[in-house]
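Reading the structure
These are the residues of each chain, in order.
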Amino acid sequence: MPIVTSKKMFADAYAGGYAIGAFNVNNMEIIQGITEAAKGLKAPLILQVSSGARKYANHTYLMKLIEAACIETDLPICVHLDHGDTFELCKSCIDGGFSSVMIDGSHHGYEENVKLTRQVVEYAHDHGVVVEGELGRLEGVEDDVKVAAGEGSYTDPDQVQDFVNRTGVDSLAIAIGTSHGAYKFKPGTKPQLRFDILTEVEKRLPGFPIVLHGASSVIPEFVKMINENGGNMPDAIGVPEDMLREAARMAVCKINIDSDLRLAMTATIRKYFNDNPSHFDPRQYLKPAREAIKAMVEHKITTVLGCEGKA
Ligand code: G3H
Ligand code: 13P
Ligand code: ZN
């Protein structure tokens, strides 16, 4: 099946009370692990590429690997730019075959965000590509953007209608308390999301697909496994999976997951080397790492997203 946009995926997800997983990809094993899981469960899929991933693996290599996954799985797969920060980056991904881009203007003032997002939407729609915008600011660390604790801001529901109408975006990422990376909530505190904001956004944009970034759950088993095998991670707390499932029943149609894949992969490789200190064939440790990615994505599809059987 050829690469698709997320248009139909989101319409079906909204109507069906589930969400599509948007998983970050950086190399072949990650792409294979994710797509094998989705194939087995017949789940629609978004593979997303950050600018850091593009710098690491090269646009063409990633596109060709994803095209191979489309052939191998026969699934509807949307290829999405994660956190595009300039018109030029979005244009380059659109010209290079992505079916969806995010323009993240959330670090700009409101009017500048509207202007930049509108510019990307015009180019994208002329080329049959869909666009995700962002209002509100998540905390945490991505490759190129670091938002310190206390410097994030929740989405203002009073702005969402104006933003969507003026920009023409196809989906909107909002900030309701999730954050990027493994350290989302202070140890000892109870994780909370602002479902009141999500409800207000849903009222103002009926039927419109909402996106949640920073939605890894930081499963303790993997942090423990890292620390038992030579790692030294402090206590890390993610977003509880039942909250994500609840958001998926509401207007959230796309849930972004990267850190949980990184943790599963790293924990598995650390354990492999601890158990097999003399091994040095990359296939020996990348094989179980790929299996760990697959198992994590199967878990997300069935427990968090609810999109099994929807492809
Ligand atoms: O939200 C960002 C993703 O986790 C991608 O991270 O920029 O380090 O590739 P990255
Ligand atoms: P996590 O760091 O919670 O996996 O979030 C990933 C993300 O939002 C990618 O855009
Ligand atoms: Zn993100």
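In this text the structure is predicted, and so the values were computed from the model without any measurement.

Thresholds applied
Residues numbered from 1 in each chain as written. Chains lettered and ligands numbered in written order. Predicted model: local features only at pLDDT ≥ 70, side-chain atom pairs only at ≥ 80, totals over all residues. Heavy atoms only, no water. Helix = DSSP H or I, 4+ residues; strand = E, 2+ residues; numbered from the N terminus. Rg over C-alpha atoms; globule rule 2.2 N^0.38 Å. Buried < 20%, exposed > 50% of the residue type's maximum accessible area, 1.4 Å probe, protein only. Donors = N, O, S within 2.8 Å, 3.2 Å for Na, K, Ca; no water. Near = heavy atom within 4 Å. Polar contact = N/O pair within 3.5 Å; in protein donor to acceptor, adjacent residues only side chain to side chain. Areas by Shrake-Rupley, 256 points an atom, 1.4 Å probe, with all protein chains shown as cover. Nonpolar A, V, L, I, M, F, W, Y, C, P; charged D, E, K, R; others polar. Pairing = 2+ DSSP bridges. Axes fitted to C-alpha atoms, helices over the stretch in contact; angles between N-to-C directions. Contact = heavy atoms within 4.5 Å. Salt bridge = Lys/Arg side-chain N within 4 Å of Asp/Glu carboxyl O. Arc of directions from axis to C-beta. Patch = residues over 30% accessible without salt bridge, like charges linked within 9 Å, V, L, I, M, F, W, Y side chains within 5 Å. Lys, Arg positive; Asp, Glu negative; His and termini not counted. Charge placed at Lys NZ, Arg CZ, Asp CG, Glu CD. Disulfide = S-S within 2.5 Å.

1. A word on the overall build of the protein
From N to C terminus, the protein includes 12 helices and 10 strands. Relative to the compact-globule value of 19 Å for 311 residues, the protein shows a C-alpha radius of gyration of 19 Å, a close match. Projected onto the principal axes, the alpha-carbon positions of the protein cover approximately 60 × 45 × 35 Å. Across the 311 residues that make up the protein, the buried fraction comes to 56%.

2. Here's the deal with the coordination of the zinc ion (ligand 3)
Here the zinc ion (ligand 3) is held by the protein donor atoms His-83 (NE2), His-180 (NE2) and His-213 (ND1), which lie 2.0 to 2.1 Å from it. In primary sequence terms, the donor set of the zinc ion (ligand 3) follows H-x96-H-x32-H. Highlighted residues: His-83 in strand β3 (residues 77-84) and His-180 in the loop between β8 (171-174) and α8 (195-204), separated in sequence by 97 residues.

3. Here we look at the site of ligand 2
Near ligand 2 you find 16 residues, and of these Asp-82, Lys-184, Ser-216, Asp-258 and Ser-259 are the closest. The separation between an oxygen atom of ligand 2 and a polar side-chain atom of His-213 is 3.1 Å. Computed on the free molecule, ligand 2 has an accessible area of 310 Å², of which 96% lies beneath the protein chains in the complex. Those elements giving two or more residues to the shell around ligand 2 turn out to be β3 and β10 (252-257). Of the residues assigned to the shell around ligand 2, the class counts are two nonpolar, 11 polar and three charged.

4. What about the pairing of β8?
Of the two faces of β8, the one holding Ser-171 and Ala-173 and the one holding Leu-172 and Ile-174 are both buried throughout. Relative to β8, strand β5 (residues 130-135) runs parallel, the two being bridged by four bridges. Each bridged residue has a counterpart across the sheet, and for Glu-132 the counterpart in β8 is Ser-171. Where β8 and strand β9 (residues 210-212) come together, two bridges link them in parallel fashion.

5. Description of the sheet that holds β9
What the eight strands build is a closed barrel, ordered β1-β2-β3-β4-β5-β8-β9-β10; its pairing is parallel. Within the sheet, the average angular offset between the axes of one strand and its neighbour, ignoring direction, is 25 degrees. On top of the sheet, helix α1 (residues 7-16) reaches β1 (20-24), β2 (45-50), β3, β5, β8 and β10; it is set at about 115 degrees to β10, its chief contact. Along the sheet, helix α7 (residues 157-167) contacts β5 and β8; its crossing angle with β5, the most-contacted strand, is approximately 150 degrees.

6. Some remarks on the pattern of salt bridges
For the structure shown, the criterion picks out 19 salt bridges. Linking Glu-200 and Lys-203 is a salt bridge whose minimum nitrogen-to-oxygen distance equals 3.2 Å. A residue pair is termed a helical-turn pair when its members lie 3 or 4 positions apart in one helix, as Glu-200 and Lys-203 do in helix α8 at three residues. Judged by its relative accessible area of 58%, Lys-203 is exposed.

7. Comments concerning helix α9 (residues 220-228)
Among the residues of α9, Phe-222, Val-223, Met-225 and Ile-226 are the ones counted as buried. Angular distribution of buried residues about the axis of α9 spans 160 degrees; they occupy a single face of the element. Residues of α9 that are exposed and angled more than 90 degrees away from the buried face: Pro-220, Glu-221, Lys-224 and Glu-228. Among the residues trailing α9, Gly-230 stands out with phi positive, at a value near 95 degrees.

8. Focus on a negative patch on the surface
Judged by side-chain charge, Glu-36, Glu-72, Glu-291 and Glu-298 come together as a negatively charged surface patch. The topology assignment puts Glu-72 in helix α4 (residues 59-73). Here Glu-72 falls in the exposed class, since its relative accessible area comes to 58%.

9. Digging into the environment of Thr-60
Note that Thr-60 resides in helix α4. Separated by 37 residues in the primary sequence, Thr-60 and Gly-97 have C-alpha atoms spaced 9.6 Å apart.

10. Description of the state of the cysteines
Chemically, a disulfide is nothing more than a covalent bond linking the sulfur atoms of two cysteines. On inspection of all chains with the given rule, the structure shows zero disulfides. Here Cys-93 stays free of any disulfide, with the sulfur of Cys-90 as its closest cysteine sulfur at 7.0 Å. The cysteine Cys-253 is free of any disulfide, with Cys-307 supplying the nearest cysteine sulfur at 11 Å.

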